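# Remarks on the overall topology
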Amino acid sequence: MTKKPLIAAKGLSVHYALRGNLIGPKPYVGAVENVDIEIAPGSFFGLVGESGSGKTTLVNLLSGIEKPDGGLVLLGDADITGKPPEYSARSGLCRSFQHPQIAPDLTVLESVKAVTTEGESADARVTEVGLSDGANEKAGTLPPAALKHLEIARALAAGASILALDEPAAGMNEVERAELSALLKRLSDAGHGILLID
């Protein structure tokens, strides 16, 4: 029996108007064209491609940062197509960015507590991602690899069932990559869906 997807996109498309004095039959370019994806609990889904191939645009459509021209996005049974990112995040889809968006003056623990939802424990999530020893350190003093772990802790504390991670291993050394891989494997084994963009 197949698992019901945590998130599914059906026929998802978005187009951007072309500028300038171009000759051709289409005054627009399709950044994402008729995409179908499903991410099941406990699975990894990778988006791999060259810069400009539409990976980030697709994740923006899934998370509500951009609105599609066509198609729909289902988070569980709920149609979240075109709804704002806050709605998607509250519904369980949390994403990270290439450059972590963390308040530098908050400690690690304060940063996680700021987004913790009912039934979640900030302390447990900080420990889960391996940052308990630095829980009282200012986020702005953390090295890049630890910032990625902090973003994941914040997503988990916010109740994420799906993590959309944009180049999570960028700038990491071999040891840091292995630690991140082990963390993502544990989260997948716990039933989280992982969307990786590279």
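Residues numbered from 1 in each chain as written. Predicted model: local features only at pLDDT ≥ 70, side-chain atom pairs only at ≥ 80, totals over all residues. Heavy atoms only, no water.

### Thoughts on the nonpolar core
L150, I152, L163 and L187 are the most contacted members of the largest nonpolar core, which totals 30 residues. When residues in this core are grouped by element, the largest group, nine residues, is from helix α5 (residues 144-157). Setting aside residues no more than four positions away along its own chain, L187 makes contact with E128, I152, L156, L163, H192 and I194. Formed by 21 residues, the second largest nonpolar core is a distinct cluster that contains I7, A9, V32 and V73. (Core = buried A, V, L, I, M, F, W, Y, C linked by side-chain atoms within 4.5 Å. Buried < 20%, exposed > 50% of the residue type's maximum accessible area, 1.4 Å probe, protein only. Helix = DSSP H or I, 4+ residues; strand = E, 2+ residues; numbered from the N terminus. Contact = heavy atoms within 4.5 Å.)

### So, the packing of α5 against helix α6 (residues 174-189)
Running from N to C, α5 and α6 point in directions that differ by 10 degrees, and their axes come no closer than 10 Å. When the interaxial angle is binned, α5 and α6 end up roughly parallel. Handedness of the α5/α6 crossing: left-handed. Contacts between α5 and α6 involve A145, H149, I152 and L156 from the first element and E176, E179, L180, L183, L184 and L187 from the second. The residue makeup of the contact of α5 with α6, split by class, is seven nonpolar, one polar and two charged. (Axes fitted to C-alpha atoms, helices over the stretch in contact; angles between N-to-C directions. Parallel < 35°, antiparallel > 145°, perpendicular 65-115°, else oblique. Left-handed = near helix turned anticlockwise from the far one by under 90°. Nonpolar A, V, L, I, M, F, W, Y, C, P; charged D, E, K, R; others polar.)

### Description of the pattern of salt bridges
Overall, the coordinates contain five salt bridges when judged by the stated rule. In this structure, E128 engages R125 in a salt bridge whose closest nitrogen and oxygen atoms are separated by 2.5 Å. Pair noted here: E128 and R125 are both in helix α4 (residues 122-128), with a separation of three residues, about one helical turn. Since its relative accessible area comes to 28%, E128 is described here as partly exposed. Taking the relative accessible area as the measure of exposure, R125 reaches 15% and is therefore buried. Of the charged contacts, one joins K185 and D189 as a salt bridge, the two residues approaching to 2.8 Å between their closest N and O atoms. Linking K185 with D189, this pair stays in helix α6, spanning four residues, or about one helical turn. Salt bridges here are not isolated pairs; linked through shared partners, they connect E120, R125 and E128. (Salt bridge = Lys/Arg side-chain N within 4 Å of Asp/Glu carboxyl O.)

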